[in-house]
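# Architecture at a glance
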Number of protein chains: 2
Amino acid sequence: MEDTSVYDRSIAILKQNHIRITPQRQIILKYLINHHNHPSVETIYKALEKDFSNLSMATVYNTLRLFEDIGIIIQLPNKDGGVRFDFFGTPHFHAICEHCGKIIDIQYPNYNQLDHELQDITKKQDPDFTPSRSKVEVYGLCKQCQQKLNQ
Amino acid sequence: MEDTSVYDRSIAILKQNHIRITPQRQIILKYLINHHNHPSVETIYKALEKDFSNLSMATVYNTLRLFEDIGIIIQLPNKDGGVRFDFFGTPHFHAICEHCGKIIDIQYPNYNQLDHELQDITKKQDPDFTPSRSKVEVYGLCKQCQQKLNQ
DNA sequence: GTATATGCAAAATCTTTGCATTCCC
DNA sequence: GGGAATGCAAAGATTTTGCATATAC
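Overview of the structure. Please read all numbers here as calculations on a predicted model, not as lab measurements.

Here is what the cut-offs are and how they apply
- In this numbering scheme, every chain counts its residues from 1 along its sequence in written order.
- Naming scheme: in the order in which they are written, chains are lettered from A and ligands are numbered from 1.
- With pLDDT at 70 or above as the cut-off, local features in this predicted model cover only qualifying residues; side-chain atom pairs require 80 or more to be listed or tallied, and sums for whole chains, interfaces and linings still use all residues.
- With hydrogens and water set aside, each side-chain value is computed from the structure's full complement of heavy atoms.
- Runs of E in the DSSP output that reach at least two residues are strands. Runs of H or I that reach at least four are helices, and both are numbered from the N terminus.
- Each residue is placed in one exposure class: buried if its accessible area under a 1.4 Å probe, protein chains only, is under 20% of its type's maximum, exposed if it is over 50%, and partly exposed if it falls in between.
- Just so you know, the count uses Lys and Arg for positive and Asp and Glu for negative, and it drops His and the chain ends.
- A carboxyl oxygen of Asp or Glu within 4 Å of a side-chain nitrogen of Lys or Arg is what we treat as a salt bridge.
- We call two N or O atoms a polar contact when they sit within 3.5 Å, provided that within protein one can donate a hydrogen and the other can accept it, with sequence-adjacent residues counted only if both atoms are side-chain atoms.
- The contact criterion used throughout is that any non-hydrogen atoms of two residues lie within 4.5 Å.
- The nearness test applies per residue and asks whether one of its heavy atoms lies within 4 Å of the molecule or strand.
- In superposing the copies, a least-squares fit is computed on C-alpha atoms, taking residues whose pLDDT is at least 70 in both.
- Accessible area that two parts lose when put together, with a 1.4 Å probe and added across both, is what the buried area reports.
- For this scheme, ten residues count as nonpolar: Ala, Val, Leu, Ile, Met, Phe, Trp, Tyr, Cys and Pro. Four count as charged, namely Asp, Glu, Lys and Arg, and the remainder, Gly too, count as polar.
- Pairing between two strands requires that DSSP report at least two bridges joining them.

The next subject is the side chain of D126 of chain B. Note on placement: D126 of chain B falls in the loop between α5 (111-125) and β5 (130-141). Here D126 of chain B sits buried without a salt bridge, and the closest side chain of opposite charge, K102 of chain A, lies 6.7 Å off (N-O distance). At 3.0 Å, the side chain of D126 of chain B forms a polar contact with the backbone nitrogen of D128 of chain B. With sequence-adjacent residues up to four places away left out, D126 of chain B is seen in contact with I104 and I106 of chain A.

So this is what it looks like as structure tokens:
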């Protein structure tokens, strides 16, 4: 199963960073790998507390920040307050609807090249800054909202 | 003065969008044009309430959302909660320090071409989505934080 | 064994809302 | 004049903190 190796690779990254593998971190990681719904903190918490009682929001917050720091997930803006998250196994960017806030994954084969380009430009414009990753968001209107607004 | 015409052009955009020109909107717009410090809501409020008593946070929030909706400012993530804003007269992107959260403007001559490219890719990958603008952030370490972390 | 992570609940932040009043067009 | 914007304060969300307890390595 492909997901298992994604999971194993992620766990390896955690270990490389001397991060302890707790059950909470495992289930949150699994959730993020298996759900590409760009969940909010609360969505993750609600989904997991059923099977894993006495999980706390604080732990979910801690874990997500940790995962973001080491680059295996990225944070996305949420139209109505709060933020959302997305597992970042295959690098990609996001299209975000300005009207409803819907987030769509844009898988782009040359993302790595684009990422490299953006880091290059940044280093050229500001040699004092050492870039390590980039984040791209494209804003516009999703199909449903286009139709709604044209009525 | 260059800033005057930037201001006039922005006001024209507001009028095009049938947005009323209130004194509050004028001073907030002027502040954003003249300060490229990526201010938070509170920074703007604090700076303006001195000269403009009984300005309310609610109005600052409303105004910033409005300006963002019509695309004359963009919202940036803030490391420690909340968000920051930047006037978007000349299209550019941002370098953000992962360690201290510092935001640096990256003026890039071919930004428009890059923006166009990103919208093109998005449309190709998801024909149902109609893109209108893009946002690019490059993460890494600023000079100060590199030095700090290497000690 | 020890440093680290967790849960809990309270505190601190940040943002929105409702409504009476004011004001732009 | 009328619809829209504002200020205010309260409510609602979201996120962080402190500390005792539990646990990964």
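Turning our eyes to something else, we now look at the protein's contact with DNA strand C. Lining the immediate surroundings of DNA strand C are 18 residues, of which T22, Q24, N54 and T59 of chain A together with I21 of chain B lie closest. One nitrogen or oxygen atom from the main chain of N54 of chain A is found 2.7 Å from a phosphate oxygen belonging to DNA strand C. A distance of 3.2 Å separates a phosphate oxygen of DNA strand C from a polar backbone atom of S56 of chain A. Elements supplying a minimum of two residues to the surface near DNA strand C: α2 (23-34) and α4 (57-69) of chain A together with α4 (57-69) of chain B.

To continue, consider the relation of the copies chain B and chain A. For these two chains of identical sequence, chain B goes onto chain A by a turn of 180 degrees and a shift of 0.0 Å along the axis, with RMSD 0.0 Å. The operation mapping one copy onto its partner corresponds to a two-fold rotation axis. Every residue of chain B has its C-alpha some distance from the rotation axis, and the shortest such distance is that of V136 of chain B, at 2.3 Å. Interface overlap between copies: 100% of the residues of chain B at the interface are likewise at the interface in chain A, consistent with a symmetric, same-surface contact.

If you look at the interface, chain B gives 34 residues, while chain A gives 34 residues. Of the roughly 2,900 Å² buried between chain B and chain A, counting both surfaces, carbon and sulfur atoms make up 58%. It is F129, K135 and Y139 of chain B that lose the most area in chain B upon contact with chain A, and together they represent 19% of the buried surface on that side. At the boundary of chain B and chain A, one finds four salt bridges. Where chain B touches chain A, the interface holds 17 residue pairs in polar contact (both at pLDDT 80 or more). At the level of elements, β3 (93-97), β4 (103-106), α5, β5 and α6 (143-150) of chain B are the ones that each hand at least two residues to the side of chain B that touches chain A. With twelve residues, β5 of chain B is the largest single contributor of residues to the side of chain B that touches chain A. Class assignment of the residues belonging to the side of chain B that touches chain A gives a composition of 18 nonpolar, nine polar and seven charged. Of the pairings in the sheet, the one linking strand β5 (residues 130-141) of chain A to β5 of chain B comprises eleven bridges and is antiparallel in character.

Just geometry here; none of it tells us what the structure is for.
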